[in-house]
Amino acid sequence: TTGRDLLGNLFENVRKQGALNLDGNSWAEVHDNASLDITDAITLELWYYHDTSTTNEGLLGRWSSGSPNENYLLNKSASDVRFYIFTSAATDISAAISSAGWYHVVGTYDGANQRIYLNGSEITSTAKTGSIPASTTPVEIGRYYKGPYEQTGQLAQPRIYNRALSAEEIQRNYNAGKNIYS
């Protein structure tokens, strides 16, 4: 909201940074804060290395057991990444991934539509309305639902915005990182 990501880096000055190397037993957690109660519009964004493992693993989100603790989530399986939003019910959309490698994944919700982008391009969208509930669930990076859905692999530059980024902003962010994470 002040032009900085969760780590305090300016969005305009993204530096080449290393990725989090997760082993299935480690993750990062951002404890409950009112700034994470994003109810009207949201963007989840990150780079991650897809290793084609068959497990369902958390990437970035605030998702636990039942309402009001299901809010927003990016996760992956062996063949896709999914973006979940909960308003009056959970809705997910997915982007298919078939090969190992680095991917830029973005999910947006603007109060009318839910979209998922892969490597700067919109893959799919669905109409969705309503407010995301407030919650005391922490944001988890590299897992969800308090385990056992921990990520094994690499994640980089996880970001949460309190608005839906435009397609142009998503393409710009992808272009800024594609030479680092490829």
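Residues numbered from 1 in each chain as written. Predicted model: local features only at pLDDT ≥ 70, side-chain atom pairs only at ≥ 80, totals over all residues. Heavy atoms only, no water.

### Structural notes on the sheet that holds strand β3 (residues 42-50)
Through backbone hydrogen bonds, the strands of a sheet pair up, either in parallel or in antiparallel fashion.
Next, step 1: If you walk across this open sheet you meet the six strands as β1-β12-β3-β8-β9-β10, and the pairing is antiparallel. Sheet topology places β1 (20-23) and β10 (121-127) at the edges, where each strand pairs with a single neighbour. Recorded for the sheet is a direction-independent mean angle of 25° between the axes of neighbouring strands.
Next, step 2: When strand β9 (residues 113-118) meets β10, the two strands line up antiparallel, connected through six bridges. When the bridges of β10 are listed, Ile 116 appears paired with Thr 124.
Next, step 3: Running over the sheet, helix α1 (residues 167-177) touches β3, β8 (101-109), β9 and β12 (152-161) and is turned about 160° from β8. (Pairing = 2+ DSSP bridges. Helix = DSSP H or I, 4+ residues; strand = E, 2+ residues; numbered from the N terminus. Axes fitted to C-alpha atoms, helices over the stretch in contact; angles between N-to-C directions. Contact = heavy atoms within 4.5 Å.)

### Let's talk about the nonpolar core
Nonpolar side chains in soluble globular proteins tend to end up buried together.
Next, step 1: Grouped together as the largest cluster of nonpolar side chains are 27 residues, with contacts concentrated most on Ile 42, Tyr 48 and Tyr 72.
Next, step 2: A per-element tally of this core places β3 first, with four residues.
Next, step 3: The contacts of Tyr 72, once residues within four sequence positions are left out, are Leu 36, Ile 42, Leu 44, Leu 60, Gly 61, Arg 62, Trp 63, Tyr 84, Ile 85, Ile 132, Val 139 and Ile 160. (Core = buried A, V, L, I, M, F, W, Y, C linked by side-chain atoms within 4.5 Å. Buried < 20%, exposed > 50% of the residue type's maximum accessible area, 1.4 Å probe, protein only.)

### Comments concerning the packing of aromatic side chains
Next, step 1: By the definition in use, this model includes five aromatic pairs.
Next, step 2: Look at Trp 47 and Tyr 174: their rings are 5.8 Å apart centre to centre, the planes differ by 20°, and that puts the pair in the stacked class. Linking Trp 47 in strand β3 with Tyr 174 in helix α1, this pair joins segments that are 127 residues apart in sequence.
Next, step 3: Residue class for Trp 47 comes out buried when judged on its relative accessible area of 2%.
Next, step 4: For the ring pair Trp 63 and Tyr 84, a centre distance of 5.4 Å and an interplane angle of 50° mean the geometry is tilted. Of this pair, Trp 63 sits in strand β4 (residues 57-63) while Tyr 84 is found in strand β6 (residues 80-86), placing the two residues 21 residues apart along the sequence.
Next, step 5: Three or more aromatic residues link up through ring pairs in this structure, and these residues are Trp 47, Tyr 49, Trp 102, Tyr 174 and Tyr 181. (Phe/Tyr/Trp six-rings, centres within 6.5 Å; stacked < 30°, edge-to-face > 60°.)

### Focus on α1
Next, step 1: Those residues of α1 lying buried are Glu 169, Ile 170, Asn 173, Tyr 174 and Gly 177. On an axial view of α1, the arc spanned by its buried residues comes to 135°, and they lie on one face. The outward face of α1, more than 90 degrees from its buried face, is lined by the exposed residues Glu 168, Arg 172 and Ala 176.
Next, step 2: Buried-residue contacts for α1 involve β3, β8, β9 and β12. (Arc of directions from axis to C-beta.)

### Focus: the pattern of salt bridges
Next, step 1: Counted according to the given criterion, the structure contains 12 salt bridges.
Next, step 2: In this structure, Lys 76 engages Asp 51 in a salt bridge whose closest nitrogen and oxygen atoms are separated by 3.3 Å. Taken together, the residues Lys 76 in strand β5 (residues 70-76) and Asp 51 in the loop between β3 and β4 connect sequence positions 25 residues apart.
Next, step 3: Exposure remark for Lys 76: the relative accessible area of 1% places this residue in the buried category.
Next, step 4: With relative accessibility at 27%, the residue Asp 51 sits in the partly exposed group.
Next, step 5: In this structure, Asp 110 and Arg 115 form a salt bridge, with 3.5 Å as the shortest nitrogen-oxygen distance. (Salt bridge = Lys/Arg side-chain N within 4 Å of Asp/Glu carboxyl O.)

### Regarding the environment of Arg 115
Next, step 1: Assignment of secondary structure puts Arg 115 in strand β9.
Next, step 2: In this structure, the C-alpha to C-alpha distance between Arg 115 and Ala 164, residues 49 residues apart in sequence, is 9.4 Å.
Next, step 3: When neighbours within four sequence positions are excluded, Arg 115 is seen to be in contact with Phe 83, Ile 93, Val 106, Gly 107, Thr 108, Asp 110, Glu 122, Thr 124 and Ser 125.
Next, step 4: Within polar-contact distance, the side chain of Arg 115 engages the side chain of Glu 122 at 3.4 Å. (Polar contact = N/O pair within 3.5 Å; in protein donor to acceptor, adjacent residues only side chain to side chain.)

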